[in-house]
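Survey of secondary and tertiary structure
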Amino acid sequence: MENITNYIQQNKERFINELIELLKIPSVSADSAYSQDVIDTSEAVKRSLEKAGCDNVEICETDGYPIVYAEKIIDPNLPTVLVYGHYDVQPPDPMELWTSPPFEPVIKKTDIHPEGAIFARGACDDKGQMYMHVKAFEYMIQSKTLPCNVKFMIEGEEEVGSVNLKSFVENNKEKLKNDVILISDTGMISNQQPSITTGLRGLSYVEVEITGPNRDLHSGLYGGAVANPINILSKMIASLHDENNRITIPGFYDKVEELSLKERAEMAKAPFDIEEYKKALDLKDVYGEEGYVTNERNAIRPTLDVNGIWGGYTGQGAKTVIPSKAFAKISMRLVPNQDWEEITELFTKHFIAIAPKAVTVKVTPHHGGQGYVTPIDSIGYKAANMAYTETFGIPAIPVRSGGSIPIVALFEKELKSKTILMGFGLDSDAIHSPNEHFGIFNYLKGIETIPLFYKYFVELSK
Ligand code: BES
Ligand code: MN
Ligand code: MN
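Residue positions are given per chain, counted from 1 along the sequence in the order it is written. Lettering for chains starts from A, numbering for ligands starts from 1, and both go in the order in which the items are written. Only residues with pLDDT of at least 70 are given local features in this predicted model, and only at 80 or more are side-chain atom pairs given and counted; all residues enter the totals for whole chains, interfaces and linings. Each side-chain value is derived from all of the structure's non-hydrogen atoms; neither hydrogens nor water enter the calculation.

**A word on the site of ligand 1**
- Neighbouring residues are identified by heavy atoms, a residue being near a molecule or strand if any of them is within 4 Å of it. Looking at ligand 1, there are 18 residues lining it, with Glu158, Asp185, Arg333, Ser404 and His432 nearest.
- Between ligand 1 and Ser404 there is a distance of 2.9 Å, counted from a nitrogen atom to a backbone nitrogen or oxygen.
- In the model, an oxygen atom of ligand 1 is placed 2.8 Å from a nitrogen or oxygen of the His432 side chain.
- In isolation ligand 1 offers 520 Å² of accessible surface; the protein chains occlude 89% of this area. Pairs of N or O atoms are called polar contacts if they sit within 3.5 Å, as long as, within protein, a hydrogen donor faces a hydrogen acceptor (for residues adjacent in sequence, only side-chain-to-side-chain pairs). Using a 1.4 Å probe, the Shrake-Rupley method yields the accessible areas, and only the shown protein chains count as cover for residues.

Next comes the structure, spelled out in C-alpha cells:
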C-alpha cells in the first residue's frame with residue numbers, strides 16, 4: 001500500500017467531490033425550515049463512515065437532531081481516540097453578500113489560497129474539517145496502518161449550543177470511553193505556521209426584552225412623556241462598558257484568570273501583524289479593553305457584545321412611532337474559571353437593576369458553556385505537535401482561541417479525558433460570514449497530518 005502523500009495524490013479529486021456533495025445539503029440547525037436537510041446530512045455522514053470502514057455505525061436519536069456514532073475497535077488493549085465534529089452549519093444570511101450561492105460549492109483561488117478553496121457554508125466550520133477525519137481514517141484502513149481504536153461522534157446541534165449532546169454524553173460514558181478526544185473545529189495561524197489551540201472561551205448568551213407602553217404610540221402625542229424602550233435599551237447597553245471598555249456588571253471579573261507577565265510574553269511571540277489585521281477588516285483602528293493587546297483581547301479576556309438589536313419601525317420611509325418593545329441578543333465570551341451560569345445570573349440581576357421604573361425588563365437565557373484550557377505537556381499535545389512538525393516542517397505554536405466549543409469542558413468533566421484541538425482553518429476563511437471557504441491545501445494537509453497524530457499518540461502512550 002502506498003504512503004499517505006501518494007494516497008492523497010491519487011484520491012484528491014474524489015476527496016474534494018465527496019466534500020462538495022456533503023456541502024450541498026443545507027444543514028442549518030438554527031432554522032427549522034431546514035430540518036429535513038439536517039436529518040439528510042446525518043444520513044450522509046453515516047454512509048460516509050460506513051464506507052470508510054467503521055463498524056457499528058448508528059444514528060443516535062435525541063430530542064433534537066441526531067448524533068452519528070461509529071467505531072472501529074481493533075484491540076481493547078490499545079488506546080482509543082474519540083473524534084468529535086459537527087455536521088450542522090450556521091445560517092447563510094446575509095445571502096446577497098455571497099459571491100456564489102452558499103449551498104452550491106465552487107472552488108475559487110484567493111491570495112491566501114493560491115491552490116484554490118471550496119466556497120460554501122460549512123466548508124471550514126465544520127463539514128470540511130470533520131470530513132478530513134473520515135478520509136484520514138479511510139486511509140488508515142486501506143493501508144492497514146490504523147494503530148489504535150477509533151470512535152466517531154458527529155453531532156448536528158453544535159451551532160445551536162449542543163443542547164442534547166450533554167445528556168447523550170452523560171448517559172453513554174462507557175460507550176464513549178476514550179484516551180484522548182480529537183477535534184478539528186478551530187483554526188491555525190497560517191498555512192506556513194501551524195498552531196494548536198490550547199484554550200477556548202466560554203459563553204453566556206441571553207436575549208433581553210424591554211417593554212414600555214402597552215402598544216405602539218404616536219410619537220408626537222406621547223413623545224417626551226413616556227419611556228421609549230429603544231432609547232432606554234440603548235442607554236442600558238451603552239452602560240455595560242466603562243470608559244476603559246471594561247464590563248460594568250458587578251462581580252463579572254471576580255473569577256477571571258489573570259495571566260502572568262511571563263505567560264503574556266509567551267503569547268506575544270506568536271506571529272501577528274496588526275497592520276495586516278486592520279487591512280483585512282478595513283478598519284482604521286482596533287478597539288477593546290484598555291491594557292491589553294489585540295491577541296489578548298480576543299483570547300484571554302472576557303467580552304460582552306450585542307449580536308442583534310431590533311424594535312420599532314425599520315421599513316421604508318418614516319413612521320412616527322414610539323414602539324412598545326425593544327429587543328437585543330447579547331453574548332458574553334468568558335475565560336477559564338468564570339462559570340457561565342453564574343455570569344448569566346449576574347447579568348440578569350444587573351440588567352434588571354439598571355432599568356428605570358418606566359419600563360419592564362425580561363431576560364431570557366439561551367445557551368452557554370464553560371471555557372477550556374489544556375496543558376502543552378500532555379501526550380496528546382506532544383503527538384499533535386510531532387504530527388504538525390512532520391507535515392509542515394516546523395513545530396506548532398500553542399494558541400488560545402477566542403471561539404467557543406462548550407462541549408469540550410463537558411467532555412473533560414464527564415469522560416475525564418483531554419481534548420486536542422487540531423484545527424486546519426484560517427481566521428480569514430470567513431466562518432459564520434458570507435463566503436465561508438476552506439483551502440484545498442488545508443483540507444489535504446489535514447488528511448495528511450491526522451494519521452500521524454494517531455501514530456505518535458500510540459507510540460507515546462506505550
Ligand atoms: N468551530 C466554532 C468554534 C471555533 C472556531 C473555535 C474557530 C475556535 C476557532 C464553533 O462551531 C462555533 O461557532 N461555536 C460557537 C459557540 C456555539 C455555542 C454556538 C461560537 O464560538 O460562537
Ligand atoms: Mn464549529
Ligand atoms: Mn461555528
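**Quick word on the nonpolar core**
- The criterion is simple. A nonpolar core is a set of buried Ala, Val, Leu, Ile, Met, Phe, Trp, Tyr and Cys residues joined through side-chain atoms within 4.5 Å. Any residue under 20% of the maximum accessible area for its type is buried, any over 50% is exposed, and the rest in between are partly exposed; the area is computed with a 1.4 Å probe on protein chains only. Residues Leu49, Val81, Phe152, Met422, Tyr443, Phe453 and Tyr454 are the most contacted members of the largest nonpolar core, which totals 67 residues.
- Looking at this core, the element that brings in the most residues is helix H12 (residues 440-461), giving 11 residues.
- The contacts of Phe453, once residues within four sequence positions are left out, are Val81, Val180, Leu182, Gly380, Ala383, Ala384, Ala387, Ile420 and Met422.
- Of all hydrophobic cores here, the second largest spans 28 residues; its members include Ile249, Val256, Ala328 and Met332. Put simply, DSSP H or I for four residues or longer makes a helix, DSSP E for two residues or longer makes a strand, and each gets a number counted from the N terminus. Any two residues whose heavy atoms approach within 4.5 Å are treated as being in contact.

**Let's talk about the coordination of the manganese ion (ligand 2)**
- Distances decide who is a donor: an N, O or S atom must be within 2.8 Å of the metal, or within 3.2 Å for Na, K and Ca. Water is not included, so sites may look incomplete. Bound to the manganese ion (ligand 2) on the protein side are His86 (NE2), Asp125 (OD), Asp185 (OD) and Asp185 (OD), at distances that span 2.0 to 2.4 Å.
- One way to put it: the six donor atoms around the manganese ion (ligand 2) meet at angles of 56 to 166°, and that makes the site irregular.
- Positions of the donor residues of the manganese ion (ligand 2), expressed as sequence spacing, correspond to H-x38-D-x59-D.
- Here the manganese ion (ligand 3) and the manganese ion (ligand 2) are spaced 3.6 Å from one another, each receiving a donor from Asp125. Highlighted residues: His86 in strand S3 (residues 80-86) and Asp125 in the loop between strand S5 (117-119) and helix H3 (127-142), separated in sequence by 39 residues.
- On the accessibility criterion, His86 (0% relative accessible area) is buried. Geometry is assigned from donor-metal-donor angles: four donors are tetrahedral when every angle falls between 85 and 135 degrees, four are square planar and six octahedral when opposite donors sit over 155 degrees apart with all other angles between 65 and 115, and any other arrangement is irregular.

**So, the sheet that holds strand S11 (residues 303-311)**
- Here a strand pair is declared whenever DSSP counts at least two bridges between the two strands. Read across the open sheet, the four strands follow the order S11-S13-S9-S14; overall the sheet is antiparallel. This sheet does not close on itself; its edge strands, each paired only once, are S11 and strand S14 (360-369). Adjacent strand axes in the sheet meet at a mean angle of 15°, parallel and antiparallel pairs treated alike.
- The pairing of S11 with strand S13 (residues 325-334) spans eight bridges and is antiparallel. Its bridge partner being in S13, Gly308 is matched across the sheet by Lys329.
- All axes are obtained by fitting lines to C-alpha atoms, using only the stretch in contact for helices, and the reported angles, taken between N-to-C directions, cover 0 to 180 degrees. Running over the sheet, helix H5 (residues 229-238) touches strand S9 (202-211), S11, S13 and S14 and is turned about 15° from S13.

**Regarding the environment of His218**
- Along the polypeptide, His218 turns up in strand S10 (residues 217-218).
- Residues His218 and Pro323, spaced 105 residues apart in sequence, show a C-alpha to C-alpha distance of 9.0 Å.
- Look past the residues within four positions of His218 in its chain and what remains in contact with it is Gly223 and Thr320.
- A polar contact is formed between the side chain of His218 and the backbone nitrogen of Leu221, at a distance of 3.0 Å.

**Section: the coordination of the manganese ion (ligand 3)**
- Distances from the manganese ion (ligand 3) to its protein donors, namely Asp125 (OD), Glu159 (OE), Glu159 (OE) and His432 (NE2), fall within the range 2.0 to 2.5 Å.
- Donor residues binding the manganese ion (ligand 3) come from one chain and are separated in sequence as D-x33-E-x272-H.
- For Asp125, a relative accessible area of 7% corresponds to the buried category.

**Quick notes on the packing of aromatic side chains**
- Centres within 6.5 Å make a pair out of two Phe, Tyr or Trp rings, where for Trp the six-membered ring is used; the pair is then stacked when the planes are under 30 degrees apart, edge-to-face when over 60, and tilted otherwise. Applying the stated criterion to the full structure yields 15 aromatic pairs.
- Taken together, a centroid distance of 5.7 Å and an interplanar angle of 15° make the contact between Phe453 and Phe457 stacked. Of this pair, Phe453 and Phe457 both sit in helix H12, four residues apart, which is roughly one turn of the helix. Phe457 carries the same exposure label as Phe453, and that label is buried.
- Here a set of aromatic residues connected by ring pairs shows up, and it is made of Tyr388, Phe392, Phe424 and Phe441.

**Remarks on a nonpolar patch on the surface**
- Together, Leu221, Tyr222 and Val226 make up an exposed nonpolar region whose accessible area comes to about 280 Å².
- Here Val226 is to be found in the loop between S10 and H5.
- Classification of Val226 as partly exposed rests on a relative accessible area of 32%. Nonpolar side chains (Val, Leu, Ile, Met, Phe, Trp, Tyr) are joined into patches within 5 Å and like charges within 9 Å, using only residues with over 30% relative accessible area and no salt bridge. Should a side-chain nitrogen of Lys or Arg be within 4 Å of a carboxyl oxygen of Asp or Glu, the pair is scored as a salt bridge.

**With respect to the sheet that holds strand S4 (residues 106-108)**
- Spatially, S4-S5-S18 is the arrangement adopted by the three strands of the open sheet, whose pairing is antiparallel. With one partner strand each, in any of the chains shown, S4 and strand S18 (437-439) form the two edges of the open sheet. Across this sheet, the average inter-strand angle for adjacent strands is 30°, counted without regard to direction.
- Where S4 and S5 come together, three bridges link them in antiparallel fashion. Paired with Ile107 across the strands is Ile118, a residue of S5.

**Description of the packing of helix H10 (residues 379-392) against H12**
- For the pair H10 and H12, the least separation of the axes is 7 Å and the interaxial angle reads 135°. As far as their axial angle goes, H12 and H10 are oblique. Handedness of the H10/H12 crossing: right-handed. Contacts from Ile379, Gly380, Lys382, Ala383, Ala384, Met386, Ala387, Tyr388, Glu390, Thr391 and Phe392 in H10 reach Phe441, Lys445, Glu448, Thr449, Leu452, Phe453, Tyr456, Phe457, Leu460 and Ser461 in H12.
- Residues that form the contact of H10 with H12 fall into these classes: 13 nonpolar, four polar and four charged. Throughout, the term roughly parallel applies to angles under 35 degrees, roughly antiparallel to angles over 145, roughly perpendicular to angles from 65 to 115, and oblique to all others. For any pair of crossing helices, the crossing counts as left-handed if the nearer helix is rotated counterclockwise from the farther one by less than a right angle, and right-handed if it is rotated clockwise. Side-chain classes follow a simple rule in which Ala, Val, Leu, Ile, Met, Phe, Trp, Tyr, Cys and Pro form the nonpolar group, Asp, Glu, Lys and Arg form the charged group, and the remainder, Gly included, forms the polar group.

**Remarks on the pattern of salt bridges**
- Per the stated rule, a full pass over the model turns up 25 salt bridges.
- With a shortest N-O distance of 2.8 Å, Arg301 and Glu289 are connected by a salt bridge. Taken together, the positions of Arg301 in the loop between helix H8 (294-297) and S11 and Glu289 in the loop between helix H7 (274-281) and H8 put the pair 12 residues apart, joining distant regions of the chain.
- Overall, Glu289 belongs to the buried group, its relative accessible area being 6%.
- In the salt-bridge network here, residues are joined through shared partners; they are Arg14, Glu18, Lys135 and Glu138.

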